[in-house]
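Listed below, chain by chain, are the residues.
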Amino acid sequence: MSADRVNVTLIAGGVGGAKMAEGLAALDNVALSVIGNVADDDEFHGLWVSPDIDTMTYTLAGLIDRDQGWGVADEATRALSVLDRLGHDTWMTLGDKDLGLHIHRTARLRAGDRPSAIAAGVAARFGVRARILLPTDDRVQTRVRTDAGWLSFQEYFVRERCTPDVRELAYDGIEAARPTPEALAAIGDADLLLIAPSNPLVSIAPILKIGGIEDALRQSAAPVWAVSPLIAGKVVKGPADRMMTALGQRADALGIAQTYAGLAEVLVIDTADAALAGDIAALGVTPVCRDILMPDLAAKRRLAGEILDHFARTRGVPAA
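Calculation criteria
- Residues numbered from 1 in each chain as written.
- Predicted model: local features only at pLDDT ≥ 70, side-chain atom pairs only at ≥ 80, totals over all residues.
- Heavy atoms only, no water.
- Helix = DSSP H or I, 4+ residues; strand = E, 2+ residues; numbered from the N terminus.
- Rg over C-alpha atoms; globule rule 2.2 N^0.38 Å.
- Buried < 20%, exposed > 50% of the residue type's maximum accessible area, 1.4 Å probe, protein only.
- Contact = heavy atoms within 4.5 Å.
- Arc of directions from axis to C-beta.
- Pairing = 2+ DSSP bridges.
- Axes fitted to C-alpha atoms, helices over the stretch in contact; angles between N-to-C directions.
- Salt bridge = Lys/Arg side-chain N within 4 Å of Asp/Glu carboxyl O.

*Asks:* Hey, could you run me through the overall build of the protein in this one?
*Replies:* Along the backbone of the protein there are 13 helices and 14 strands. In terms of overall dimensions, the protein is globule-like: its C-alpha atoms have a radius of gyration of 19 Å, near the 20 Å expected for 320 residues. Judged by the C-alpha coordinates and their principal axes, the protein covers about 60 × 45 × 40 Å. When the 320 residues of the protein are sorted by exposure, 52% land in the buried category.

*Asks:* For this particular structure, what's the right way to read the environment of Ile280?
*Replies:* Counting through the fold element by element, Ile280 comes out in helix H12 (residues 277-282). Of the residues examined, Ile280 reaches a relative accessible area of 0% and is grouped as buried. For the pair Ile280 and Phe157, spaced 123 residues apart in sequence, the C-alpha to C-alpha distance is 30 Å. Leave out the neighbours within four places in its chain, and Ile280 touches Ala253, Leu254, Ala257, Leu267, Ile269, Val285 and Pro287.

*Asks:* Would you mind showing me how to read unusual backbone geometry here?
*Replies:* Most peptide bonds take the trans form, and the phi angle of most residues other than glycine is negative. The residue Asp74 is not glycine, and still its phi comes out positive at about 55°. Relative to the helices and strands, Asp74 resides in the loop between helix H2 (51-60) and helix H3 (78-85). Judged by its relative accessible area of 71%, Asp74 is exposed. In this structure, Cys162 takes a positive phi of about 60° despite not being glycine. Looking at the element boundaries, Cys162 is found in the loop between helix H6 (153-159) and strand E8 (168-172). Cys162 sits in the buried class, given a relative accessible area of 5%.

*Asks:* Where do I start with helix H5 (residues 115-125) in this structure?
*Replies:* An α-helical turn contains 3.6 residues, so a residue and the one three or four places further along point in the same direction. For H5, the complete set of buried residues consists of Ser116, Ile118, Ala119, Val122 and Ala123. The buried residues of H5 occupy one face: seen down the axis, they fall within an arc of 165°. Projecting away from the buried face of H5 at angles above 90 degrees are the exposed residues Ala124 and Arg125. Looking at the buried positions of H5, the neighbouring elements they touch are H2, helix H4 (96-110), strand E5 (131-133) and helix H7 (181-189).

*Asks:* Explain the sheet that holds strand E6 (residues 141-146) here, please?
*Replies:* Strands belonging to one sheet form pairs held by backbone hydrogen bonds; the direction of such a pair is parallel or antiparallel. Reading across the sheet, the 3 strands line up as E7-E6-E8 and stay open at both edges, with antiparallel pairing between neighbours. In this open sheet, the two strands that pair with only one neighbour each are strand E7 (149-152) and E8. Averaged over all adjacent pairs, the angle separating strand axes in this sheet is 30°, with direction ignored. Sheet topology note: the E6/E8 ladder contains 5 bridges and is antiparallel. Each residue of the ladder has a partner; that of Arg145, found in E8, is Glu168. Across the sheet, helix H8 (residues 200-208) touches E6 and E8, and the angle it forms with E8 is around 35°.

*Asks:* How should I be thinking about the pattern of salt bridges in this particular structure?
*Replies:* Between side chains of opposite charge, a pair can form when the charged atoms approach closely. This structure, assessed with the given rule, holds 19 salt bridges. Between Glu306 and Arg290 there is a salt bridge, with its nearest N and O atoms 3.9 Å apart. Pair noted here: Glu306 is in helix H13 (residues 297-314) and Arg290 is in strand E14 (residues 286-290), with a separation of 16 residues, a long-range link. Of the residues examined, Arg290 reaches a relative accessible area of 21% and is grouped as partly exposed. The network of salt bridges with shared partners includes Arg290, Asp291, Arg302 and Glu306.

*Asks:* Help me understand the pairing of E7 in this model?
*Replies:* Moving residue by residue along a regular strand, the side chains alternate between the two faces of the sheet. As paired strands, E6 and E7 are joined by 4 bridges and run antiparallel to one another. By the bridge assignment, Thr146 is partnered in E7 with Gly149. Between E6 and E7, which follow one another and run antiparallel, lie 2 residues.

*Asks:* What should I look at first to understand the sheet that holds strand E1 (residues 6-12) in this one?
*Replies:* Pairing is parallel across the open sheet formed by 7 strands, whose spatial order is E5-E2-E1-E9-E10-E13-E14. Where the open sheet ends on each side, the last strands, each with one partner, are E5 and E14. Going across the sheet, the axis of each strand differs from the next one's by a mean of 25°, ignoring polarity. Where strand E13 (residues 266-270) meets E14, 5 bridges bridge the pair, whose relative direction is parallel. The residue bridging Val268 from the neighbouring strand is Val288, located in E14. Helix-sheet contacts for H7 involve E1, strand E2 (30-36), E5 and strand E9 (192-195), and the interaxial angle to E5 is about 125°.

Given below as structure tokens:
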């Protein structure tokens with residue numbers, strides 16, 4: 001860690017991960033690398049779609065639809081309306097601008113380009129200064145078992161609107177997936193490794209379960225911290241709380257601490273969960289209470305700054 005720059009590597013997925021990344025990217029004293037989730041990826045209309053990576057890219061490029069938290073601002077769905085008229089399933093909403101990115105990605109994949117190189121190239125073209133990295137260039141896909149059988153993650157999340165109870169999760173291809181050298185280098189070079197306030201089951205687990213990723217986190221000289229995605233037992237966005245409950249886990253800040261115990265040294269929790277601090281500390285995880293709700297850029301930047309200031313104090317470095 002230099003006197004004026006902190007290398008932060010963020011493990012992230014979903015809208016919560018993109019919010020945390022945007023806050024960190026807004027700090028002048030942070031050099032940010034983001035290792036994003038690729039297990040939500042799927043094929044639609046012959047095109048390869050990478051929802052979490054695209055949400056991260058659009059957010060850091062200032063292109064995101066802020067009302068939704070995903071997709072592109074000022075978007076239209078004229079192409080999708082034609083597909084609908086021609087009898088195609090169109091439950092996966094893909095806007096016209098968004099389709100342009102998916103066409104580009106698919107063409108480059110068919111040309112044999114590495115997914116990591118494609119993601120980096122897109123981020124650069126969109127003016128993103130942070131490094132957006134893939135945990136693996138291999139195909140990994142989350143699947144969800146419900147009472148009606150197995151669904152792809154997008155079928156569960158978008159088509160079924162997270163309604164069915166989750167009975168089991170699986171990550172197809174995870175056993176054979178190899179980490180990218182860029183992800184491993186970002187972990188090794190980090191001053192701070194931060195797990196974003198993302199769904200621990202479907203955004204973070206598919207990254208950590210890739211062979212070599214969690215070992216690299218444990219072996220890094222940098223500490224691993226995490227930010228809770230739950231406030232007072234509820235998620236800000238998404239199905240994390242209901243998924244955790246359905247799978248027999250505590251759906252609160254203590255449950256998040258139990259998930260990351262043995263890996264994360266610090267868990268940043270909301271002030272509303274301060275009563276759980278003692279139980280979290282008993283797990284060997286240091287709780288840090290802050291206002292972790294991030295409704296706008298000012299709140300994102302504030303939380304990111306508070307995390308970096310606390311990190312600096314633990315290292316004996318004057319806060320920024």
